[in-house]
Amino acid sequence: MDQGSGAVVQRNANLVRADLAHPAWRRPSTVGRPTRLAVRVAPHAGQLRTNRPGPAVQNRPVALLVARLRNDLTTLSELAQEPVVWTDAGGELVAEVREAAVLAEAALLRLAANTGRRSAGELSSLSTLADALHKHVGRLSGQVGQLAQIRQQLFQLGALVDAVALGITPASGQIWDIGRKIVRWLGDLERPVFIYPDPAEPALQIAAHSLNVAQVVAGMCACDPAWLEVQELCVVAALLQDIGMIYVPDAVLESPEPLNPTQQRLIRKHPIFSASVVEHMTGGHKVLVDAVRQHHERLDASGYPEGLSGDRICSVAQLLAVVDVYVGMQSPRPYRPAKSVRQALSALRQYAQKGRLLAAWVSRLPSSEPLWVPIRTGPQPPEGLGSVPVAEPAAA
Ligand SMILES: [Fe+2]
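Residues numbered from 1 in each chain as written. Predicted model: local features only at pLDDT ≥ 70, side-chain atom pairs only at ≥ 80, totals over all residues.

Engineer: I'm lost on the overall build of the protein chain in this one. Help?
Structural biologist: Looking only at helices and strands, the protein chain has 17 helices and two strands in total. Looking at the 396 residues of the protein chain, the share that counts as buried comes to 39%. The contacts in the protein chain between residues at least 6 apart in sequence include a share of 77% that link residues at least 24 apart. (Helix = DSSP H or I, 4+ residues; strand = E, 2+ residues; numbered from the N terminus. Buried ≥ 20, exposed ≤ 12 C-beta atoms within 10 Å, placed from the backbone. Contact = placed C-beta atoms within 7 Å.)

Engineer: Sorry if this is basic, but what is going on with the environment of L69 here?
Structural biologist: Among the structural elements, L69 can be located in helix 3 (residues 59-80). Sequence separation between L69 and L108 is 39 residues, and the spatial gap between their C-alpha atoms is 7.0 Å.

Engineer: When you look at the pairing of strand 1 (residues 193-198) in this model, what are you seeing that I'm missing?
Structural biologist: Sheet faces and side chains relate simply in a regular strand, where the side chains alternate between the two faces. Within strand 1, five of the six residues are buried, which leaves it mostly tucked inside the rest of the structure. Here six bridges tie strand 1 to strand 2 (residues 371-376), and the two strands are oriented parallel to one another. Residue pairing for strand 2: P197 is matched across the bridge by I375. (Pairing = 2+ DSSP bridges.)

Engineer: Sorry if this is basic, but what is going on with the environment of I195 here?
Structural biologist: Relative to the assigned elements, I195 resides in strand 1. In sequence terms I195 and L371 are 176 residues apart; their C-alpha atoms lie 8.2 Å from each other. Not counting the four nearest positions on each side in its chain, I195 is found in contact with I150, L154, A208, L211, N212, V373 and I375.

Engineer: Where do I start with the nonpolar core in this structure?
Structural biologist: The nonpolar side chains of a soluble globular protein tend to be buried, and buried together. The biggest cluster of nonpolar side chains holds 99 residues, and the ones touching the most others in it are V217 and V322. Viewed by domain, this core spans two of them, domain 1 (3-143) and domain 2 (169-375), each represented by three or more residues. The contact partners of V322, leaving out residues within four places of it in the chain, are L348, L357, L358, W361, V362 and L365. (Core = buried A, V, L, I, M, F, W, Y, C linked by C-beta atoms within 7 Å. Domains from an automatic or database assignment.)

Engineer: I would appreciate a short explanation of the packing of helix 7 (residues 172-186) against helix 10 (residues 231-240) in the present structure.
Structural biologist: How two helices sit against one another is set out by the angle between their axes and by the gap between those axes. One way to put it is that helix 7 packs onto helix 10 with a least axis distance of 9 Å and a crossing angle of 115°. Of the two possible hands of crossing, helix 7 and helix 10 adopt the one that is right-handed. Residue-level inspection shows I175, W176, I178, G179, R180, I182 and V183 of helix 7 in contact with helix 10, the latter providing Q231, E232, V235, V236, L239 and L240. Among the residues making up the contact of helix 7 with helix 10, the classes are represented as nine nonpolar, two polar and two charged. (Axes fitted to C-alpha atoms, helices over the stretch in contact; angles between N-to-C directions. Left-handed = near helix turned anticlockwise from the far one by under 90°. Nonpolar A, V, L, I, M, F, W, Y, C, P; charged D, E, K, R; others polar.)

So, in structure tokens, the structure goes:
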């Protein structure tokens, strides 16, 4: 990749660093969690250190606490093996996994050290601590699971794009499989999670943009009963709309300058290239082929490749057009910085007022700032970051 793509990566990295610094980058329930958790643990630890003899309690509840803590430690060890954890740009996921493991191990040691001398109050404190840790591990597991899923989808879609570049027509079942996963995954999202590959590669960049568009398309279809019925179809169209972009030279895609007329003509052919791929891939699925071919057409006939207007543009393409512009404006380009979601929505409303894009879709776009996540490649976990120790069972 040339300097242009390096600039893109750097801009993306700056965006993510700024985003990660914002407390809202995580789910609201997990904001500031490590600090709160430590504060909650400390009083319990103090009580345990002053462990005064009290009435003996039955072993069974303690055994349950130990079993749960050990399970949580096993879960944390598995999370540490997830590539999204050890390739995490800010190292925050790694830190959270390790911190939770340390707390769970400490709790197990306390349980082992106080056998037969626990009061009901001490047991209650330990239960509270174990519950807090269990919830914490559950949230962490969900977060890592989401990122792992979209990482997998990125590489699956990237492989399809690479196959197309080699002249191989992928089986349509593969793209429907990714589409279904996106629809399922969307149910757990509180705001858009936009991804970008790091390091940037053409196939993965195309795949990442398509996944980001598909995610928003899936959410917009879910808000309307009629569109919910064709949600997967629209998601698959979004995943395929730019697949023909792989035929456009990197030098054009990564140009730091506004494109000259020749380069623009090349870019404007990508819907035709995409439609050709989709035609072969799906055996001529008319809605998909039309949607992909027309996703850059505009209602006022100012689009491309054919300059269609109004209802001559298929309805799925009208939806893709709105979301594609929405995601594109929020993505940094070699020749311009990314817009905020507010700026993007403002520009889109103007387009709608001018009759270029369908106002009904523009009004349904998400207004929350997306979370931008780098999806990194790496051969194996860095030393010391790929696992957490799993404690030996404590005697109960
Ligand atoms: Fe496109």
